[in-house]
Amino acid sequence: MKKDIDKNLGPGTNAILESISDGVFTVDSDWRITSFNRAAETITGIRRREAVGKPCSEVFRASMCESDCALRHTVKTGRQVVNRPAFIVDSAGRRISISVSTAILKDGKGRMVGGAETFRDLSLVEELRKELTGRFEIGDLVSRSAAMRDIFDVMPQIAASEASVLICGETGTGKELLARAIHNISPRKRKPFVAVNCGALPDTLLESELFGYVKGAFTGAAKDKPGRFAMAEGGTLFLDEIGDISPALQIRLLRVLQDRRYEPLGGTGTLFADVRVVAATHCDLPAQIRKGAFREDLFYRLNVVKLDLPPLRKRREDIPLLAEHFIGRFNRLQGKAVTGASPDVMALLMAHEYPGNVRELENIVERAFVLCASGRIETGHLPPDLAGRTAAPAAPAGESMNAQTRAIEALAIRDAMERRGFNRLAAARDLGIHKSTLFRKIKALGLVFQKHAGRAARKADLNVPASRETGENPPAGHRS
Amino acid sequence: MKLALATWNGRISPLFDVARQVLMLDIEGGRVVKRHAESLPGTNSIAQANSIMALGPDALVCGAISKPLAGLLAAMRVRVIPFTAGNVEEVLAAWMARTLPNPALTMPGCCRQRGLCSGAGAGDGNRRRCHEKRRCHENRDTVNRQGNIR
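Note that the coordinates shown come from a computational prediction; the quantities given were computed from them, not determined experimentally. (Residues numbered from 1 in each chain as written. Chains lettered and ligands numbered in written order. Predicted model: local features only at pLDDT ≥ 70, side-chain atom pairs only at ≥ 80, totals over all residues.)

## What about the overall build of chain B?
Going by this rule: A run of DSSP states H or I qualifies as a helix once it reaches four residues; a run of E qualifies as a strand once it reaches two. Both are numbered from the N-terminal end. Between the buried cut of 20 or more and the exposed cut of 12 or fewer other C-beta atoms within 10 Å of a residue's own C-beta lies the partly exposed class, and all C-beta atoms are placed from the backbone. By the convention adopted here, residues are in contact when the distance between their C-beta atoms, placed from the backbone, does not exceed 7 Å.
A tally of regular secondary structure across chain B gives five helices and six strands. The N-to-C order of helical and strand elements in chain B reads β-β-β-β-α-β-α-β-α-α-α. The burial tally for chain B puts 43% of its 150 residues in the buried class. In chain B, of all internal contacts separated by at least 6 residues, the share reaching a separation of at least 24 is 43%.

Next up, the structure:
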């Protein structure tokens, strides 16, 4: 096969082609490969001996082969193509970004004998570009964090399947947005997406809301009312806060998920439900199962595909991207010309703990828009206690000794609390101080930890405000 | 059963991700009883997979295919015989004769991926000794006399 290269290009040219890092192949007038250099072998993963003599489209397999072949264009018009972007798919199914350039091959008498195509592997450049500016976007979800990227990678496959999905994540992490995104790229996208917040309705009302009722089922049921399952027919039903439903309703829901059948309240006929269920919860369902508050069989029925949405504090790299996204959105919605956030504001936003997650960040930006019509968002546009609360841990170098000591103390306390799962006693032990000292320091430094942590979480279950337990002031920026 | 062949200029389309045409075949009793061409969007993986799913084939014979798109089709329970190359009628004949996939109708560089033999002589239709014999047999789809995949 090497002879082919020699025959077409001569030994000098051949040596040069073998030494360069760009892939080069030549074709004859039948579009069959006549030479294939070493770099072409490396980029495509195809050996020269397999490539030579085969149709170039079946070797190269580029996105442009079928509809817009660069070489065909050059042969037809006599004009070279330079650095046209495309992608190829190698034998392992990997998409490789490339740029393509073309030239016509002529013999000694100036007659055209074929064409040459040069291609450069851009996958590394592409990866670096993604690292620098890359954002992953599906529907209204934007992110650049690795944890979210894992979710985005599997979403098309999840959307294409009919399996039930369980989305877990703290409040405000975007569970409904994720459910909508799954629906919008699924084969059911032309059918309805119906969302129900199971935690917002009393149990009896939720039952009639989900399954509907027939006329006369109870006092005031003057006519038939279709339930949310019927309204979502052919589409997706999103059940938010699924951990809050009663055991009786859990049994009914299990039956629908298993048999795809249900009866409206007071009805005798059975209805068929062609609905894909996506459920979400902020609760730890396995813990609920252990407590006997959630049925194990329903959990496994829902938990066919589980997606864990990380809280914003665990993907801080998304904060500037999300802030920019919200600024752009509010500019469009409110007809304003806010150009961005000042570095000080960004530093404050980055230092905040976000117990209310993305929703809290969105609310902070929305509040800033009330006060700021154009130019940059400055610290004065932020909620006063947001700046006050985060100033201590974010104290920059150059501040007084006292401020820097406070910042270091705050960082140490945060680290210990996070390491110990927000258990204050364990964190105090780690820090070598008494728990009362820790409480006093948390209060003095104005630190706020997640709402559902440690004893606060247990009290929250009993509807006792976290602020009463910890002595912390409820954060003004916390709107979730 | 319904068979889909991604086609282009009378051959199997080189890259299914951007393929614009598919030949749909109804096969009954080992014979093709109906054939018609359908268009594909060829724009993005999700649109491509949805279009194929709407046509409802049991199997798809295509050229190169990217992993995400192959995964989508697998999730939609469409059996894919990828990296196939050659004249459409030859490929169809091979399917009917239960000899697909085979090295003569496989894209260059793909025999090793499929566990089929490769190298000089692969194009003559003879099956050569495979270094990964076990994997080779696992990966091969078999087609019964009715043209259905087993």
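Let us keep going from here.
## Some points on the interface of chain B and chain A
Put simply, the rule reads: Each residue gets one label: Ala, Val, Leu, Ile, Met, Phe, Trp, Tyr, Cys and Pro are nonpolar, Asp, Glu, Lys and Arg are charged, and the others, such as Gly, are polar.
With 32 residues of chain B at the contact, the number on the chain A side is 28 residues. Considering every element that reaches the side of chain B that touches chain A, the biggest residue donor is helix 2 (residues 67–75) of chain B, with six residues. Here the residues of the side of chain B that touches chain A are counted per class, giving 20 nonpolar, nine polar and three charged.

## As for the packing of helix 14 (residues 318–334) of chain A against helix 16 (residues 357–371) of chain A
For any two helices packed against each other, the geometry comes down to the angle between their axes and how far apart the axes lie. All names here are of chain A. Here is the rule we go by: With axes taken as lines fitted to C-alpha atoms, and helix axes fitted only over the stretch in contact, angles between N-to-C directions fall between 0 and 180 degrees. In what follows, roughly perpendicular refers to angles from 65 to 115 degrees, roughly parallel to angles under 35, roughly antiparallel to angles over 145, and oblique to any angle outside these ranges. Crossings are assigned a handedness: left-handed for a near helix turned anticlockwise from the far helix by less than a right angle, right-handed for a clockwise turn.
Where helix 14 meets helix 16, the closest approach of the two axes is 10 Å, and the angle between their N-to-C directions is 45°. On the basis of their axis angle, the class for helix 14 and helix 16 is oblique. The two elements helix 14 and helix 16 meet at a crossing, and its hand is right-handed. Residues I319, L322, A323, F326, I327, F330 and Q334 of helix 14 form the contact with helix 16, whose participating residues are V358, L361, E362, V365, E366 and F369. Of the residues contributing to the contact of helix 14 with helix 16, the split by class is 10 nonpolar, one polar and two charged.

## Regarding the environment of K175 of chain A
All names here are of chain A. Structurally, K175 can be placed in helix 8 (residues 175–184). Linking K175 and T281, residues 106 residues apart in sequence, is a C-alpha distance of 8.3 Å. If we ignore the near neighbours within four places in the chain, the residues touching K175 are I167, G169, D240, A280 and L309.

## Some points on the confidence of the model for chain A
Residue and element names in this part refer to chain A. Spelled out, the test is: As a per-residue measure, pLDDT tells how confident the predictor is, with possible values from 0 to 100.
Taken residue by residue, chain A gives an average pLDDT of 81. The fraction at 70 or more is 85%. Low pLDDT, under 50, characterises residues 389–397; the predicted model gives this stretch 24 contacts beyond four residues in sequence or across chains. A low-confidence stretch, residues 451–480 stays under pLDDT 50, and its non-local contacts, those more than four residues away or across chains, total 50 contacts.

## A short note on the sheet that holds strand 2 (residues 33–36) of chain A
All names here are of chain A. Test applied: Two strands make a pair as long as DSSP finds a minimum of two bridges between them.
Strand order in the open sheet formed by five strands is 2-1-5-4-3, and the pairing between neighbours is antiparallel. On the outer flanks of this sheet lie strand 2 and strand 3 (84–89), each paired with one strand and no other. Adjacent strand axes in the sheet meet at a mean angle of 35° when their direction is disregarded. In terms of strand pairing, strand 1 (residues 23–27) meets strand 5 (residues 112–121) through five bridges, oriented antiparallel. In the strand pairing of strand 5, T26 is matched with A116. Each of strand 1, strand 3, strand 4 (95–106) and strand 5 is contacted by helix 5 (residues 70–77), which is oriented at about 25° to strand 4, the strand it contacts most.

## Considering the environment of A39 of chain A
Residue and element names in this part refer to chain A. Tracing the chain through its elements places A39 in helix 2 (residues 38–44). The exposure class assigned to A39 is buried, which follows from the 20 C-beta atoms found within 10 Å. Spatially, the C-alpha atom of A39 lies 9.5 Å from that of D121, the residues being 82 residues apart in sequence. Those residues in contact with A39 that lie beyond four places of it in its chain are I20, S21, D22 and G23.

## With respect to the sheet that holds strand 9 (residues 193–197) of chain A
Residue and element names in this part refer to chain A. Taken in spatial order, the five strands line up as 9-12-15-8-16 in an open sheet, and their pairing is parallel. On the outer flanks of this sheet lie strand 9 and strand 16 (305–308), each paired with one strand and no other. Within the sheet, the average angular offset between the axes of one strand and its neighbour, ignoring direction, is 20°. The pairing of strand 8 (residues 165–168) with strand 15 (residues 276–281) spans four bridges and is parallel. Along strand 15, the bridge assignment pairs I167 with A280.

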